[in-house]
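Each chain, letter by letter, is given below.
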Amino acid sequence: DTAVSQTPKYLVTQMGNDKSIKCEQNLGHDTMYWYKQDSKKFLKIMFSYNNKELIINETVPNRFSPKSPDKAHLNLHINSLELGDSAVYFCASSQEPSGSAFTDTQYFGPGTRLTVL
Amino acid sequence: GENVGLHLPTLSVQEGDSAVIKCTYSDSASNYFPWYKQELGKRPQLIIDIRSNVGEKKDQRIAVTLNKTAKHFSLHITETQPEDSAVYFCAASANQGGKLIFGQGTELSVKP
């Protein structure tokens, strides 16, 4: 069974559109994250949720809105897509927020490659 | 805030040789240092991690060493194999809600 899954795997869309990426984890973890990996492979955290509560909100345009309906799901909605949003978006989860406990390993999903034309 | 830097963007070794990738960090409050391996088109996967109360950790051919005074930690891979070829990311966390700050990645190439 896939531990952290994301849909869709690929997303190609036009500038100005609104799109969503979904993430689910079946590890029973309390914390979930969204990362953006740009064309130079740089991985940067965007958001983190612990038990459905937002705990990290990096300097991300407010066109990006995460939503956690329950602690097993963290979705990412992006409004008014721009060319610069093209990247691979990774969801991850950990039992505790990293750095806080011994069970803080972050497990990544397979990624969603977003291409904005 | 935390700044994590990798010294080498690329590293090429012969199969069987050792590879060492060094990473620096800036925040002395950082207490958790994982290394991730990412193969082309795949997800990052944790290969080893170390906490600030330990100086070294080993798992078969892979080890990580931490120097808190100098604020750097290194990944050591012995007896490298072609399947070790990947991008390796270091990261650091200072227990700020789970925020992992990643370095830029070193692309390791193991030549048969």
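From a predicted model like this one, the values you see are computed outputs, not experimental measurements. (Residues numbered from 1 in each chain as written. Chains lettered and ligands numbered in written order. Predicted model: local features only at pLDDT ≥ 70, side-chain atom pairs only at ≥ 80, totals over all residues. Heavy atoms only, no water.)

### So, the interface of chain A and chain B
To keep things clear, this is the line we draw: Only heavy atoms matter for contacts: two residues are in contact if any of them lie within 4.5 Å across the pair. By buried area we mean the combined loss of accessible area, with a 1.4 Å probe, across both parts when two parts are placed together. By convention in these notes, a salt bridge is any Lys or Arg side-chain nitrogen within 4 Å of a carboxyl oxygen on Asp or Glu. Counting of polar contacts relies on pairs of N or O atoms within 3.5 Å, with two restrictions inside protein: one atom must be capable of donating a hydrogen and the other of accepting it, and residues adjacent in sequence are counted only when both atoms are side-chain atoms. Strands are runs of DSSP state E lasting at least 2 residues, helices are runs of H or I lasting at least 4, and numbering of each runs from the N terminus. Amino acids outside the nonpolar list (Ala, Val, Leu, Ile, Met, Phe, Trp, Tyr, Cys, Pro) and the charged list (Asp, Glu, Lys, Arg) are all regarded as polar, and Gly is one of them.
Each side of the interface is counted separately: chain A has 25 residues, and chain B has 22 residues. Roughly 2000 Å² of surface becomes buried between chain A and chain B when both sides are summed, with 56% attributable to carbon and sulfur atoms. In this structure, the salt-bridge partner of E58(A) is K99(B), at a minimum N-O distance of 3.0 Å. Our enumeration of links across chain A and chain B arrives at five residue pairs in polar contact (both at pLDDT 80 or more). Of all elements in the fold, only β4 (31–37), β5 (43–50) and β6 (53–57) of chain A reach the threshold of two or more residues within the side of chain A that touches chain B. Within the side of chain A that touches chain B, the residues separate by chemical class into 14 nonpolar, eight polar and three charged.

### Describing the side chain of D49(B)
Residues and elements named next belong to chain B. Counted only if it meets this: Partly exposed residues are those whose accessible area sits between 20% and 50% of the maximum for their type, while under 20% is buried and over 50% is exposed, using a 1.4 Å probe and protein chains only.
Mapped onto the fold, D49 is located in strand β5 (residues 45–51). Judged by its relative accessible area of 12%, D49 is buried. Within polar-contact distance, the side chain of D49 engages the side chain of Y32 at 2.9 Å. Side-chain polar atoms of D49 contact the side chain of K57, separated by 2.9 Å.

### What to know about the pattern of salt bridges
Residues and elements named next belong to chain A. This model, assessed by the stated rule, comprises seven salt bridges over all chains. Between D30 and K71 there is a salt bridge; the shortest N-O distance is 2.7 Å. Highlighted residues: D30 in the loop between β3 (19–25) and β4 and K71 in the loop between β7 (64–70) and β8 (73–78), separated in sequence by 41 residues. Classification of D30 as buried rests on a relative accessible area of 16%. Where E82 meets R63, a salt bridge forms, and the shortest distance between an N and an O atom there is 3.5 Å.

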